[in-house]
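These are the residues of each chain, in order.
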Amino acid sequence: MEMANKSIFKKIILATHNQGKIREFSRLFAPLGVEIIAGSALDLEEPEETGNSFADNALLKARAACKATGLPALADDSGLCVTALKGAPGIYSARWAEQADGQKDFAKAMAKLHRELADSPDRSAAFVAVLALVTPEGQEHLFEGRAEGHIIWPPRGDQGFGYDPVFMARGSTKTFAEISAQEKQNFSHRAKAFHALQEALFT
Ligand code: IMP
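Residues numbered from 1 in each chain as written. Predicted model: local features only at pLDDT ≥ 70, side-chain atom pairs only at ≥ 80, totals over all residues. Heavy atoms only, no water.

**Student:** Where do I start with the sheet that holds strand S2 (residues 35–38) in this structure?
**Tutor:** Two modes of strand pairing occur in sheets, parallel and antiparallel, and in both the strands are linked by backbone hydrogen bonds. If you walk across this open sheet you meet the six strands as S2-S1-S3-S4-S5-S6, and the pairing is mixed. Whereas interior strands pair on both sides, the edge strands pair on one side only; in this sheet they are S2 and strand S6 (167–169). Each adjacent strand pair in this sheet contributes to an overall mean axis angle of 35 degrees, direction not counted. Each of strand S3 (73–82), strand S4 (124–134) and strand S5 (140–151) touches helix H5 (residues 189–201); the most contacted strand, S5, lies at about 150 degrees to it. (Pairing = 2+ DSSP bridges. Helix = DSSP H or I, 4+ residues; strand = E, 2+ residues; numbered from the N terminus. Axes fitted to C-alpha atoms, helices over the stretch in contact; angles between N-to-C directions. Contact = heavy atoms within 4.5 Å.)

See the structure below:
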């Protein structure tokens, strides 16, 4: 059901080419009556992620998309932080999957994670998402969400994307790749960051 949208945000550019994120945000924003336009649909260039934190990278992506379109822009920088690996892959989560030809291979990234964890007894991890919303008037908002859980092996499930098949949220017996998109919204780092944004800007 659509709720009345009393905010100034009717159209937001989503500064990403990641189809998994586009699907999740479109679903989250739909009830707010906000039209989400994916950066990939406009062929927006993706800036290099040169920041040292999720917040820095989210801001640089949102600023670039806002500047290119003149519309409010939302960017998410997210990743998987594994305790025993001192927070890695963290902001390098996508880069761990990058192959020589520029394609991403998450089966390989998950195998690397498994190798690096070796026989460490601490399997705890968290998915972290930081959302940056930047307006043409120069307002900048940041929101963070975390999903605590642990890493399992071997990977399980074929839904979701990225590292979903090896991540199990605390209190769940299924990986993020074994639950529906609808169910993932109850736990996920991106949904939590989105709810913080919704509370601050849409209520
Ligand atoms: P970036 O934010 O586009 O730099 O990339 C974030 C990367 O973190 C993604 O490419 C995935 O590898 C990983 N990631 C972030 N959120 C999720 C998620 O919900 N499930 C699985 N992997 C994720």
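**Student:** Would you mind showing me how to read the packing of aromatic side chains here?
**Tutor:** Ring pairs (aromatic) are described by centroid distance and by the angle formed between their planes. Considering all chains together, one arrives at nine aromatic pairs under this definition. Ring centres of Phe29 and Phe202 lie 6.4 Å apart, and the angle between their planes is 70 degrees; this geometry places the pair in the edge-to-face category. Note that Phe29 is positioned in helix H1 (residues 19–29) and Phe202 in the segment after H5, a separation of 173 residues in sequence. Overall, the relative accessible area of 0% leaves Phe29 in the buried class. Ring centres of Phe176 and Phe187 lie 6.4 Å apart, and the angle between their planes is 45 degrees; this geometry places the pair in the tilted category. In this pair, Phe176 sits in the loop between S6 and helix H4 (181–184) while Phe187 sits in the loop between H4 and H5, placing the two residues eleven residues apart along the sequence. Judged by relative accessible area, Phe187 falls into the partly exposed class, the value being 26%. Three or more aromatic residues joined by ring pairs make a cluster, and in this case those are Phe9, Phe25, Phe29, Phe194 and Phe202. (Phe/Tyr/Trp six-rings, centres within 6.5 Å; stacked < 30°, edge-to-face > 60°. Buried < 20%, exposed > 50% of the residue type's maximum accessible area, 1.4 Å probe, protein only.)

**Student:** It is not clear to me how unusual backbone geometry should be interpreted in this structure. Could you clarify?
**Tutor:** Glycine aside, residues mostly have negative phi, and peptide bonds are mostly found in the trans state. With an omega of -5 degrees, the peptide bond between Ala88 and Pro89 qualifies as cis. Within the fold, Pro89 resides in the loop between S3 and helix H3 (106–117). Look at the link from Trp153 to Pro154: it is a cis peptide, with omega at 0 degrees. In this structure, Pro154 sits in the loop between S5 and S6. Even without being a glycine, Asp43 presents a positive backbone phi close to 60 degrees. Looking at where Asp43 falls in the secondary structure, it is placed in the loop between S2 and helix H2 (54–69). Overall, the relative accessible area of 67% leaves Asp43 in the exposed class. The phi dihedral of Lys86 falls on the positive side, at around 55 degrees, and the residue is not glycine.

**Student:** How should I be thinking about the pattern of salt bridges in this particular structure?
**Tutor:** Close approach of charged atoms allows side chains with opposite charge to pair. Scanning the model with the defined rule gives twelve salt bridges in all. Residues Glu24 and Arg190 are paired through a salt bridge, measuring 2.9 Å at the closest nitrogen-oxygen approach. Here Glu24 is found in helix H1, whereas its partner Arg190 is found in helix H5, with 166 residues between them in sequence. For the pair formed by Glu24 and Arg190, the shared burial category is buried. Where Glu116 meets Lys112, a salt bridge forms, and the shortest distance between an N and an O atom there is 3.7 Å. Remark: Lys112 and Glu116 occur in helix H3; sequence separation between them is four residues, near one turn of the helix. (Salt bridge = Lys/Arg side-chain N within 4 Å of Asp/Glu carboxyl O.)

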